[in-house]
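Here's the letter readout for the chains.
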Amino acid sequence: MEAFTPRLEIGVMASGKGTNFEALVNTYRSYDLNINISILIVNKANCEAINRAKQLSIPYLILDHKDFDTREDHEEEIIKALSKYNVELIVMAGWMRIVTSKFIDTYEGRLVNIHPSLLPSFKGMNAVEQALKAKVYISGCSVHLVNSRVDSGPILIQAAVPVLDNDNNSSLLVRIQEQEHRILPIGVYLAAKRLRLK
Ligand code: GAR
């Protein structure tokens, strides 16, 4: 894998635990790729991702959507923060909010999402539960570029995870997330390569 010149600045958007955010930071810190996670933006004031940012010494910003009148106003602040940190690529790592087509257009080819299913199966909310209900034998996770249809953009990388007989939501999610932490840094790297080649 080749390093980026100039340094690649990445912004991460998260709403929850932030384990994928942490995996990105730790992976890029242990490889000499000249990739920097410059800012974490969260939309929930008490989410666990904030503590991880503190521990990892990554700047973070809380932009609670409830403090804004419209989705557009909220996203405008997000865009401002991302520009302030010269972010070139954005990763939605458990960002549990639909983004507008304006936001997607602003970052065309530069917005990456991770989803806990083998897309195009089980789009949208509760993907792990959907997979269990459908009684599939194999589920997994997908890293993809975001386009205007939910969980539908070009896939960058996927990992398959077998569904075991006695799996429940949390046991399957644990194994899916192990794979997410492995493939997200690779998927983001691939998206960045495409971008820099343009
Ligand atoms: C991840 O499993 C990710 O795939 C999922 O949220 C989780 C965030 O975990 N994303 C979606 O469901 C998006 N539709 P984390 O906060 O520990 O990284």
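What this report covers is the structure whose coordinates are included nearby. (Residues numbered from 1 in each chain as written. Predicted model: local features only at pLDDT ≥ 70, side-chain atom pairs only at ≥ 80, totals over all residues. Heavy atoms only, no water.)

**Quick look at the overall build of the chain**
- A tally of regular secondary structure across the chain gives 6 helices and 7 strands.
- Taken from the N to the C terminus, the helices and strands of the chain come in the order β-α-β-α-β-α-β-α-β-α-β-β-α.
- For the chain, whose C-alpha radius of gyration is 16 Å, the value lies close to the compact-globule estimate of 16 Å for 198 residues.
- The principal-axis extent of the C-alpha atoms belonging to the chain is close to 50 × 45 × 35 Å.
- Sequence separation of 24 or more characterises 65% of the internal contacts of the chain that already satisfy a separation of 6 or more.
- Total accessible area on the chain is roughly 10100 Å²; 51% of this is exposed by carbon and sulfur atoms. (Helix = DSSP H or I, 4+ residues; strand = E, 2+ residues; numbered from the N terminus. Rg over C-alpha atoms; globule rule 2.2 N^0.38 Å. Contact = heavy atoms within 4.5 Å. Areas by Shrake-Rupley, 256 points an atom, 1.4 Å probe, with all protein chains shown as cover.)

**A few points about the site of the ligand**
- Taken together, the neighbourhood of the ligand is formed by G16, K17, G18, T19, N20, G94, M96, I114, H115, P116, Q177 and E180.
- A distance of 3.3 Å separates a nitrogen atom of the ligand from a polar atom in the side chain of H115.
- Relative to its unbound accessible area of 450 Å², the ligand is 89% covered by the protein chains.
- Of all elements in the fold, only α1 (19-30), β5 (111-115) and α6 (169-197) reach the threshold of two or more residues within the shell around the ligand.
- Among the residues forming the shell around the ligand, the class breakdown is 3 nonpolar, 7 polar and 2 charged. (Near = heavy atom within 4 Å. Polar contact = N/O pair within 3.5 Å; in protein donor to acceptor, adjacent residues only side chain to side chain. Nonpolar A, V, L, I, M, F, W, Y, C, P; charged D, E, K, R; others polar.)

**Here we look at unusual backbone geometry**
- At the junction of T5 and P6, the peptide bond is cis and its omega measures out at -5° in the coordinates.
- In this structure, P6 sits in the segment before β1 (8-14).
- The omega torsion across L119 and P120 is 10°, close enough to zero to call that bond cis.
- For P120, the location among the structural elements is in the loop between β5 and α5 (127-133).
- At N86, a position not held by glycine, the phi torsion is positive, near 50°.
- Examined against the element boundaries, N86 turns out to sit in the loop between α3 (71-84) and β4 (89-92).
- Its identity is not glycine, yet D151 carries a phi of approximately 50°, on the positive side.
- The topology assignment puts D151 in the loop between β6 (138-145) and β7 (155-162).
- The exposure class of D151 is buried, given its relative accessible area of 12%. (Buried < 20%, exposed > 50% of the residue type's maximum accessible area, 1.4 Å probe, protein only.)

**Looking at the pattern of salt bridges**
- The final tally for this structure, using the stated rule, is 9 salt bridges.
- For K133, the salt bridge identified is with E129, shortest N-O distance 3.7 Å. Highlighted residues: K133 and E129, both in helix α5, separated by 4 residues, approximately one helical turn.
- Judged by relative accessible area, which is 66%, K133 ranks as exposed.
- Here D167 makes a salt bridge to R175, at a shortest N to O gap of 2.7 Å.
- Its relative accessible area of 13% is what places D167 among the buried residues.
- Several salt bridges share partner residues, and in doing so they unite E22, E48 and R52 into one network. (Salt bridge = Lys/Arg side-chain N within 4 Å of Asp/Glu carboxyl O.)

**A closer look at the nonpolar core**
- Ranked by size, the top nonpolar core spans 43 residues in total, and within it I10, V12, F21, Y28, I37 and V188 carry the most contacts.
- Tallying contributions element by element places α6 first for this core, with 9 residues.
- If you look at the next biggest cluster of nonpolar residues, it comprises 17 residues, including L82, M92, I104 and Y107. (Core = buried A, V, L, I, M, F, W, Y, C linked by side-chain atoms within 4.5 Å.)

**Some points on the sheet that holds β6**
- Pairing is mixed in the open sheet, where 7 strands are placed in the order β3-β2-β1-β4-β5-β6-β7. Bordering the open sheet on either side are β3 (60-62) and β7, each of which pairs with just one other strand. For this sheet the average axis-to-axis angle between neighbouring strands, irrespective of direction, equals 20°.
- In this structure, strand β2 (residues 35-42) lies alongside β3, joined through 3 bridges in parallel fashion. The partner of L40 across the bridge, within β3, is Y60. (Pairing = 2+ DSSP bridges. Axes fitted to C-alpha atoms, helices over the stretch in contact; angles between N-to-C directions.)

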